[in-house]
Amino acid sequence: MSATIAPSVRLKVIIVGAGVIGLAIGWRLAQAGADVTLYDKDRAGAGASHAAAGMLAACIEAEPGESHLLALGRASQALWPAFAAELEQATGLVIDRRCDGTIVAALTEDDRARLQHQLAFQHTLNLPVAWLSAAEVRRREPHLASGVIGALWSPEDHQVDNRRLAAALQVAARQAGATLLEQTAVEHIVHDGARVQGVMVGGALQEADVVILAAGAWSRGVPLVPPAARLPVRPVKGQMLALRMDPAAPILRHVLRVPDVYLVPRHDGRLIIGATVEEKGFDRTITAGGMLSLIEAAWRAIPAIEDLAIEETWVGFRPGSRDDTPILGSGPVDGLVYATGHYRNGILLTPVTARAIADLVLHGTVDPLIQPLSAARFQRQAAAA
Ligand code: FAD
Ligand code: GLY
């Protein structure tokens with residue numbers, strides 16, 4: 001992004017979308033002295049950032065062919081301790097980042113074979129993941145099903161309460177001087193073919209030097225006028241539920257994954273169980289089949305959940321790009337920046353995204369971590385096809 005603004009003028013930035021991604025970027029830019037306005041069509045933080053489980057799982061989710069994503073995830077994991085501490089100190093709010101690590105349990109011989117294959121791959125990447133015997137895993141989690149065969153142990157994959165995170169980021173961004181306008185949709189982004197001019201809100205142009213599109217699963221629905229290629233971002237539906245544990249006697253301490261389900265225990269006694277992965281557009285239906293599959297898979301791992309009350313069920317929409325990898329960097333006209341497409345890892349990737357996008361906007365520097373992630377890759381892929 002080329003800087004065409006005189007250095008003495010306060011940079012005016014508009015951010016479309018106040019989920020954790022928009023809020024964290026807004027916080028960083030406002031801290032640096034930019035004049036930041038965030039718009040959200042709904043309540044801030046009420047999108048995927050509210051729906052998520054809050055796992056910060058770079059290691060256990062490492063997949064072949066996703067080296068850019070792994071590097072980004074590991075960089076963000078490294079930033080998380082200082083990011084959380086700064087946020088809690090700035091706001092006086094607790095975001096409940098828990099550092100108990102993640103267990104991926106094998107309940108069958110097939111699971112064991114698959115997990116040991118995964119472990120061998122993770123070791124080729126030097127990731128800190130190890131194998132636990134059945135006795136060791138049950139020592140750590142006594143409520144695990146008696147038939148557990150063993151488990152992967154990922155000591156650096158932690159979790160945070162994503163709802164508390166979104167709430168704290170709102171306070172931090174406002175305290176740093178950002179303006180947050182909720183229930184206020186951006187209709188489209190305006191440009192003159194060369195550079196961005198602002199956004200259209202309620203039929204009026206709101207001018208800005210920089211517009212950052214951070215509208216999550218709705219990013220495709222915020223067009224550029226005059227038109228340019230729309231971002232290839234789609235909603236990927238996830239159904240979830242929360243059970244109520246006794247916080248003084250929780251039945252789980254670590255994040256636990258087993259085939260088809262994950263369980264995430266919070267200090268306040270909530271036990272989050274997720275999630276379905278469905279290509280159903282913005283369908284908000286909570287289905288019997290979705291709930292049945294989650295509860296049954298969770299019950300096979302931790303039979304004691306059958307006595308717990310169901311506290312909440314919900315649906316959220318992951319922002320999935322065409323290659324399920326984030327879209328981070330400059331857009332097709334000067335002053336337009338994309339920060340979207342975080343799919344299943346937007347909570348994990350919040351600190352690194354905020355840092356990289358703030359550096360891009362303030363200094364024009366492209367962090368090598370986000371270099372391969374610009375929207376231009378989709379044009380290159382189309383040209384090569
Ligand atoms: P959102 O939080 O969706 O925010 C986008 C905002 O843009 C919304 O508030 C929306 O109202 C606003 N908006 C949209 N259009 C407009 C407009 N025209 N004008 C103004 N505002 C607009 N990630 C993890 O790292 N760990 C997890 O464990 C995890 N679990 C998940 C489980 C589920 C079920 C789901 C659905 C997601 C999960 N994720 C997880 C993914 C993570 O939630 C997302 O990647 C992340 O929240 C994306 O943040 P965001 O700010 O881009 O999007
Ligand atoms: N990362 C967990 C999910 O997307 O369901």
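All of the points below concern the structure found in this document. (Residues numbered from 1 in each chain as written. Chains lettered and ligands numbered in written order. Predicted model: local features only at pLDDT ≥ 70, side-chain atom pairs only at ≥ 80, totals over all residues. Heavy atoms only, no water.)

One pass over the structure, following the stated rule, counts 23 salt bridges. A salt bridge links Arg234 to Asp324, with the shortest nitrogen-to-oxygen separation between them at 3.1 Å. Residue Arg234 is found in strand S14 (residues 233-244), and its partner Asp324 is found in the loop between strand S18 (309-321) and strand S19 (327-330); the two are separated by 90 residues along the sequence. For Lys237, the salt bridge identified is with Asp283, shortest N-O distance 3.0 Å. Note that Lys237 is positioned in strand S14 and Asp283 in the loop between strand S17 (270-274) and helix H7 (288-301), a separation of 46 residues in sequence. For Asp283, a relative accessible area of 22% gives the class partly exposed. Members of the salt-bridge network, linked through shared partners, are Arg163, Arg244, Arg270, Glu311 and Glu312. (Salt bridge = Lys/Arg side-chain N within 4 Å of Asp/Glu carboxyl O. Helix = DSSP H or I, 4+ residues; strand = E, 2+ residues; numbered from the N terminus. Buried < 20%, exposed > 50% of the residue type's maximum accessible area, 1.4 Å probe, protein only.)

On to the pairing of strand S1 (residues 12-16). Taking burial as the measure, the five residues of S1 include four buried ones, the bulk of the element. Examined bridge by bridge, S1 and strand S2 (residues 35-39) share five bridges and lie parallel to one another. When the sheet's bridge partners are listed, Val13 is paired in S2 with Val36. Handedness of the crossover joining S1 and S2 through helix H1 (residues 20-31) is recorded here as right-handed. Direction of pairing for S1 relative to strand S12 (residues 210-213): parallel, over a ladder of four bridges. Counted as the bridge partner of Ile15 is Ile212 from S12. (Pairing = 2+ DSSP bridges. Right-handed = clockwise from strand over helix to strand, strands pointing away.)

What follows is about the site of ligand 1. Around ligand 1, a shell composed of 39 residues is seen, among which Asp40, Ser49, Met55, Tyr343 and Leu348 lie nearest. Ile21 places a polar main-chain atom, nitrogen or oxygen, 3.2 Å from an oxygen atom of ligand 1. Burial of ligand 1 by the protein chains amounts to 98% of its free accessible area of 1000 Å². Listed by contribution, the elements that provide at least two residues to the shell around ligand 1 are H1, helix H2 (48-51) and S18. In terms of residues, the shell around ligand 1 owes the most to one element, S18, which gives four residues. Among the residues making up the shell around ligand 1, the classes are represented as 23 nonpolar, 11 polar and five charged. (Near = heavy atom within 4 Å. Polar contact = N/O pair within 3.5 Å; in protein donor to acceptor, adjacent residues only side chain to side chain. Areas by Shrake-Rupley, 256 points an atom, 1.4 Å probe, with all protein chains shown as cover. Nonpolar A, V, L, I, M, F, W, Y, C, P; charged D, E, K, R; others polar.)

Let us look at the site of ligand 2. Residues in close proximity to ligand 2 include Met55, Glu61, Tyr262, Ala275, Arg318 and Arg344, which together make up its full environment. Between Tyr262 and ligand 2, the recorded distance is 2.7 Å, taken from a side-chain N or O atom to an oxygen atom. Between ligand 2 and Arg344 there is a distance of 2.8 Å, counted from a nitrogen atom to a backbone nitrogen or oxygen. Surface burial for ligand 2 is 89%, taken as the share of its 200 Å² of free accessible area covered by protein chains.

Here the focus is the pairing of strand S20 (residues 336-340). With five of its five residues buried, S20 lies for the most part within the structure. On S20, burial covers both faces: Leu336, Tyr338 and Thr340 on one face and Val337 and Ala339 on the other are all buried. Pairing of S12 with S20, which is carried by three bridges, proceeds in the parallel orientation. For Ile212, the partnering residue across the bridge sits in S20 and is Val337. Sheet analysis places S19 next to S20, joined by four bridges and oriented antiparallel. Residue Ser330 lies in a different strand from S20, and its bridge partner there is Val337.

Between two packed helices, both the angle of their axes relative to each other and the distance between the axes serve to describe the pair. Contact pair H1 / helix H8 (residues 350-363): the axes reach a minimum separation of 8 Å and the direction vectors enclose 50°. One finds that H1 runs oblique with respect to H8. Regarding H1 and H8, the two cross each other, and that crossing is right-handed. Of the residues in H8, those in contact with Val20, Ile21, Ala24, Ile25, Arg28 and Leu29 of H1 are Thr350, Thr353, Ala354, Ile357, Ala358, Val361 and Leu362. Classifying every residue of the contact of H1 with H8 by side-chain character gives 10 nonpolar, two polar and one charged. (Axes fitted to C-alpha atoms, helices over the stretch in contact; angles between N-to-C directions. Parallel < 35°, antiparallel > 145°, perpendicular 65-115°, else oblique. Left-handed = near helix turned anticlockwise from the far one by under 90°. Contact = heavy atoms within 4.5 Å.)

What follows is about the sheet that holds strand S16 (residues 261-265). With mixed pairing, the eight strands of this open sheet are ordered in space as S5-S6-S4-S15-S16-S17-S14-S18. Either end of the sheet is taken by a strand with one partner, and the two such strands are strand S5 (130-133) and S18. Each adjacent strand pair in this sheet contributes to an overall mean axis angle of 25°, direction not counted. Inspection of the sheet shows strand S4 (residues 102-106) paired to strand S6 (residues 150-154) by five bridges, in the antiparallel sense.

Turning to the packing of aromatic side chains, a few remarks are in order. For the coordinates displayed, the defined rule picks out five aromatic pairs. Seen in terms of ring centroids, Trp218 and Phe317 are 6.4 Å apart; in terms of plane orientation they differ by 85°. Their pairing is edge-to-face. Of this pair, Trp218 sits in the loop between S12 and strand S13 (224-225) while Phe317 is found in strand S18, placing the two residues 99 residues apart along the sequence. For the pair Phe282 and Phe317, a centre-to-centre distance of 5.2 Å together with 70° between the ring planes defines the contact as edge-to-face. Residue Phe282 is located in the loop between S17 and H7, and its partner Phe317 is located in strand S18; the two are separated by 35 residues in the primary sequence. Through a chain of ring-to-ring contacts, three or more aromatic side chains come together here, namely Trp27, Trp80 and Phe83. The side chain of Arg140 reaches across the aromatic face of Trp153, ending 4.6 Å from its centre. (Phe/Tyr/Trp six-rings, centres within 6.5 Å; stacked < 30°, edge-to-face > 60°. Lys NZ or Arg CZ within 6 Å of the ring centre and 35° of its normal.)

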